Amino acid sequence: MKSKLRSIVDNGGFVFNQNVKITQLGKSGRINDAFKVFEQMTIRNTVTWNSMISVCSKNGRISEARRLFNAAPRKNLVSWNTMLAGYLHNDRVVDAAQLFDEMPQRDLFSWTLMITCYTRNGELEKARYLFDQMPERRSPGCWNAMIAGYARNGRVGAARRLFDEMPVRDLVSWNSMLAGYTQSGEMGLALELFSRMEERDLVSWNLMVQGCVELGDMDSALDYFRGIPNPNVVSWVTILSGYVRVGRVAEARRVFDQMPERNVVSWNAMIAGYCQNLKIDEAVQLFKEMPERNSASWTAMINGYVSVGKLDEAREVLDQMPYKNVAAQTAMISGYVQNMNMNEAQRIFDQIDSRDVVCWNSMIAGYVQCGKMDEAASLFKQMPRRNLVTWNTLIAGYAQEGQMNEALGIFENMEERNRVTWNSLISGFNQNGLYLDALRHLESMGREGVKPDQSTFTSCLSACANLATLQMGKQIHQFAMKIGYGRDLFVANALISMYSKCGRVSSAEQVFKDIDGVDLISCNSMIAGYSLNGYGKEAIELFNEMESKGLRPDQVTFVGVLSACTHARLIDQGLHLFDSMIIEFSIVPIAEHYACIVDLLGRAGRVEEAYQLISKMPIKANAGTWGALLGACKMHRQLELGRLAAQKLFEVEPHKTSNYVLLSNMHAEAGRWQEVEKLRRLMKERKVDKQPGCSWVEVKNRVHSFISDDSTQPMTVEIFDTLQCLAMHTRNAGYIPEISIY
């Protein structure tokens, strides 16, 4: 009997030790080693199974955790709560809810876990419904979870109402409410609550320090820190991290050196601070001095090397890392992605046993940046779980490559969309010249109840500018004003461009005058608007005013002002500005500047001088430069020089119809019909097709587009009858059409 009892005690001690070992291995990220210990155990108790479920869950291997849960021979309430906590840890809300419904019994911890699961996912109504269904509501645990959930989701008022209704409050309740105020930046209310607290602990003080740190108020943070009776490591690390955040690394180091005790978190915070401020040598030295390291230490050093572009050193640190984790490997992937080295990134990715969504997204983003959409789409299909970032990255990638049908397909397959999703799609339409689609999706966005932001307004105003749809642009302007973006700098700059392209220079000027802090882009937009509408003197006046606003012109500024001089035929001013750009502002001219001067000289009839300028250019002339010369040759009937310019354009833009048309018209005007026929044949050989004409009109806040020879339009017969009628009226009025156009 004694030997049997002794055996039970020995076995119990062995199982206990092995359970502890499994937990320790899990904490250090050595999950495969934990599995080995688990599989070698001949005797396992419920604690063993629960420990292994917890280890898998906390290391992102939730599917294996569920497999173990299902296989466990005996389950207790702890087993169910451990699996529920695992789903919470991995943001698997639907699975958590299903498990919660299946639970044979629940305790206060079960209810708290499920409420927390919903609040973390932003599903506050579901959390509140669950809270209201609780059989016992006097215990503060679930109240605290609900208050924390409201606070975390920015509903501090609702959190405070619940806090005031609580039948019994504990210190956690006060701290949860205090956290809500400090996290939302409501430091006045936080101070009022803090002063009312009869009891405070380190968490209370640390929250006040953290709140000041979040606002960048390091003086107040230091005052609260000094008021803490016995600051702990968290207090010290919070103030240290605050100094790092505002770039005061030397003061952060002084705090680090004064710490009475340091744990691995404090070492990591200081190393991360050095890395964030690109002081990599100091970070390396501190890394070498560390008494112990964890995975975060290694990851911080990898990130540090990546941030300064030292990928070989980063890879060396990763290779030396005793137990690699997904965060460190993802940091290395990010480094390779930034340097467009997708082969090495893929190699690291293939070595990762347990990939999280951040790791997958980093790889997809890398392929998108490299324009390899097939590879990005392939990874997307393989992903076990996607988040909004994944979907949005793919939409932006397809848009970037001009594949808007694919982008729209991804968009339509999404179950959930956010503002970034809509902006990615609308911006994609705009960038690819699909302006009507951009505006249509702004309407759809409103119908789905998603509020636009400055990015949305900027894209849609740009679409209105390109379509010259003034009424739609005005409506978007009013909408932006209504929801608080009317004075936003990005929106204002887009409004200037929109009004300018619609010919409403006075409206553009008014927007420009209303901007509180005019920037370089604002001035460039206004100068471009003046240029477009032939206001050359006004463009030059604004250019001269820029210095008084403390703004130094850039390359874009000079493109705008030189173009303005061209349109207004201000020859001498334009040439003077071109010289001052080089001499006074030390700006190296680019092809666009030369194109403006060629156009300027060409319009003034100085075509040969324009050609000599192109011949002496230190850079290769682009299509715009040769196009300006060809236009000048057409205007002043310089056929031979025009042929030379056209030949250069045929090399640069072999499929652009207008170049062939312009030269053909020049030959036709000179009666050289054989040359006209040669150009016709050349166009056929090169498969140059004339783009169909397109026009649009705004009627009752809707834009209607018309394409020539498009019989699919409703009322096609009526449209052509009306056009014929208009043509007859113009001829009767004495209009003689230009028939030289090809």
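Calculation criteria
- Residues numbered from 1 in each chain as written.
- Predicted model: local features only at pLDDT ≥ 70, side-chain atom pairs only at ≥ 80, totals over all residues.
- Heavy atoms only, no water.
- Helix = DSSP H or I, 4+ residues; strand = E, 2+ residues; numbered from the N terminus.
- Rg over C-alpha atoms; globule rule 2.2 N^0.38 Å.
- Buried < 20%, exposed > 50% of the residue type's maximum accessible area, 1.4 Å probe, protein only.
- Contact = heavy atoms within 4.5 Å.
- Areas by Shrake-Rupley, 256 points an atom, 1.4 Å probe, with all protein chains shown as cover.
- Lys, Arg positive; Asp, Glu negative; His and termini not counted.
- Charge placed at Lys NZ, Arg CZ, Asp CG, Glu CD.
- Polar contact = N/O pair within 3.5 Å; in protein donor to acceptor, adjacent residues only side chain to side chain.
- Arc of directions from axis to C-beta.
- UniProt positions renumbered as here; feature names shortened; annotations may be inferred.
- Patch = residues over 30% accessible without salt bridge, like charges linked within 9 Å, V, L, I, M, F, W, Y side chains within 5 Å.
- Salt bridge = Lys/Arg side-chain N within 4 Å of Asp/Glu carboxyl O.
- Expected span 1.5 Å × (residues − 1).
- Phe/Tyr/Trp six-rings, centres within 6.5 Å; stacked < 30°, edge-to-face > 60°.
- Lys NZ or Arg CZ within 6 Å of the ring centre and 35° of its normal.
- pLDDT = per-residue confidence, 0-100.

- Per an unreviewed UniProt entry, the chain is named Chlororespiratory reduction 4, and its organism is Stephania japonica.

### Examining the overall build of the chain
Right, so step 1: Along the chain, the regular secondary structure elements total 43 helices and two strands.
Right, so step 2: Its C-alpha atoms give the chain a radius of gyration of 34 Å, clearly above 27 Å, the size a compact globule of 742 residues would have.
Right, so step 3: When the backbone C-alpha atoms are referred to their principal axes, the chain occupies close to 120 × 60 × 55 Å.
Right, so step 4: The proportion of buried residues among the 742 residues of the chain is 45%.
Right, so step 5: Considering only contacts in the chain between residues 6 or more positions apart, those separated by 24 or more positions represent 55%.
Right, so step 6: Of the roughly 38,700 Å² of accessible surface on the chain, 50% is carried by carbon and sulfur atoms.
Right, so step 7: Treating the 81 positive side-chain charges of the chain as one cloud and the 82 negative ones as another, the clouds have centres 4 Å apart.

### Regarding the side chain of His477
Right, so step 1: Tracing the sequence through the fold places His477 in helix α30 (residues 470–482).
Right, so step 2: Under the relative-accessibility criterion, His477 is labelled buried at 17%.
Right, so step 3: Side chain to side chain, His477 and Tyr499 meet in a polar contact 2.9 Å long.
Right, so step 4: Each residue touching His477, except ones within four places of it in the same chain, is listed here: Leu495, Tyr499 and Val511.

### A closer look at helix α20 (residues 311–320)
An α-helix turns once every 3.6 residues. As a result, residues three or four positions apart point the same way.
Right, so step 1: Listed in full, the buried residues belonging to α20 are Leu311, Ala314, Arg315, Val317 and Leu318. An end-on view of α20 places all buried positions within 155° of arc, on one side of the element.
Right, so step 2: Of the surrounding elements, those touching the buried residues of α20 are α19 (295–307), α21 (326–338) and α22 (342–351).

### Quick look at the UniProt feature "repeat: PPR" (unreviewed entry) in the chain
Right, so step 1: With numbering aligned to this structure, UniProt lists the feature "repeat: PPR" (unreviewed entry) at residues 45–79, 107–141, 170–204, 232–262, 263–297, 356–390, 418–452 and 519–553.
Right, so step 2: The annotated region residues 356–390 carries 74% helix and 0% strand content, and the separation between its end C-alpha atoms amounts to 12 Å.

### Here's the deal with a nonpolar patch on the surface
Right, so step 1: A surface patch of nonpolar side chains, about 300 Å² in accessible area, is lined by Phe720, Leu723 and Leu726.
Right, so step 2: Its place among the elements puts Leu726 in helix α43 (residues 716–732).

### Details of unusual backbone geometry
Right, so step 1: One non-glycine residue, Met340, lies in the positive phi region at around 60°.
Right, so step 2: Tracing the backbone through its elements, the reader meets Met340 in the loop between α21 and α22.
Right, so step 3: Non-glycine residue Ala468 carries a positive phi angle of around 55°.
Right, so step 4: By relative accessible area, which is 43% here, Ala468 ends up partly exposed.

### Brief notes about helix α11 (residues 171–183)
Right, so step 1: Taking 1.5 Å of rise per residue, the 13 residues of α11 would be expected to cover 18 Å, and the 18 Å separating its terminal C-alpha atoms lies within 8% of that figure.
Right, so step 2: With 11 of 13 residues buried, α11 is to be regarded as a mostly interior element.
Right, so step 3: On its buried face, α11 sits against α9 (140–152), α10 (156–165), α12 (187–196) and α13 (202–214).
Right, so step 4: With a side-chain oxygen lying 3.2 Å from the backbone nitrogen of Val172, the N-terminal cap of α11 falls on Asp170.
Right, so step 5: Just downstream of α11 lies Gly185, where phi reads positive at about 80°.

### A closer look at the packing of aromatic side chains
Right, so step 1: Tallying each qualifying case throughout the model produces 20 aromatic pairs.
Right, so step 2: Arranged with centres 5.1 Å apart and planes meeting at 80°, the rings of Phe194 and Trp205 form a pair that is edge-to-face. Residue Phe194 is found in helix α12, and its partner Trp205 is found in helix α13; the two are separated by 11 residues along the sequence. The same class applies to Phe194 and to Trp205, which are both buried.
Right, so step 3: Relative to Trp360, the ring of Phe349 lies with its centre 5.1 Å away and its plane at 80°, an arrangement referred to as edge-to-face. With Phe349 in helix α22 and Trp360 in helix α23 (residues 357–369), the pair connects residues that are 11 residues apart, well separated along the chain.
Right, so step 4: Take Phe349: its relative accessible area is 1%, and that puts it in the buried class.
Right, so step 5: Classification of Trp360 as buried rests on a relative accessible area of 6%.
Right, so step 6: Cluster of aromatic residues (ring-pair linked, three or more members): Phe194, Trp205 and Tyr224.
Right, so step 7: Here the guanidinium or amino end of Arg200 rests over the ring plane of Phe194, the centre of that ring lying 4.0 Å away.

### Thoughts on the confidence of the model for the chain
Right, so step 1: Predicted confidence across the chain gives a mean pLDDT of 86, with 93% of residues reaching 70 or more.
Right, so step 2: Taking the mean pLDDT of every element in the chain, the minimum, 62, falls on strand β1 (residues 694–699) and the maximum, 95, on helix α27 (residues 419–431).
Right, so step 3: Note on residues 1–11: pLDDT is under 50 here. Beyond four places in sequence and across chains, it has one contact.

### Observations regarding the pattern of salt bridges
Right, so step 1: Throughout the structure, instances matching the rule amount to 19 salt bridges.
Right, so step 2: We note a salt bridge from Glu192 to Arg196, for which the minimum N-O separation is 3.8 Å. One end of the pair is Glu192 and the other is Arg196, both in helix α12 and four residues apart, which spans about a single turn.
Right, so step 3: Between Arg603 and Asp599 there is a salt bridge, and its shortest N-O distance comes to 3.1 Å. Taken together, the positions of Arg603 and Asp599, both in helix α37 (residues 591–603) and four residues apart, correspond to about one turn of that helix.
Right, so step 4: We classify Arg603 as partly exposed; its relative accessible area is 25%.

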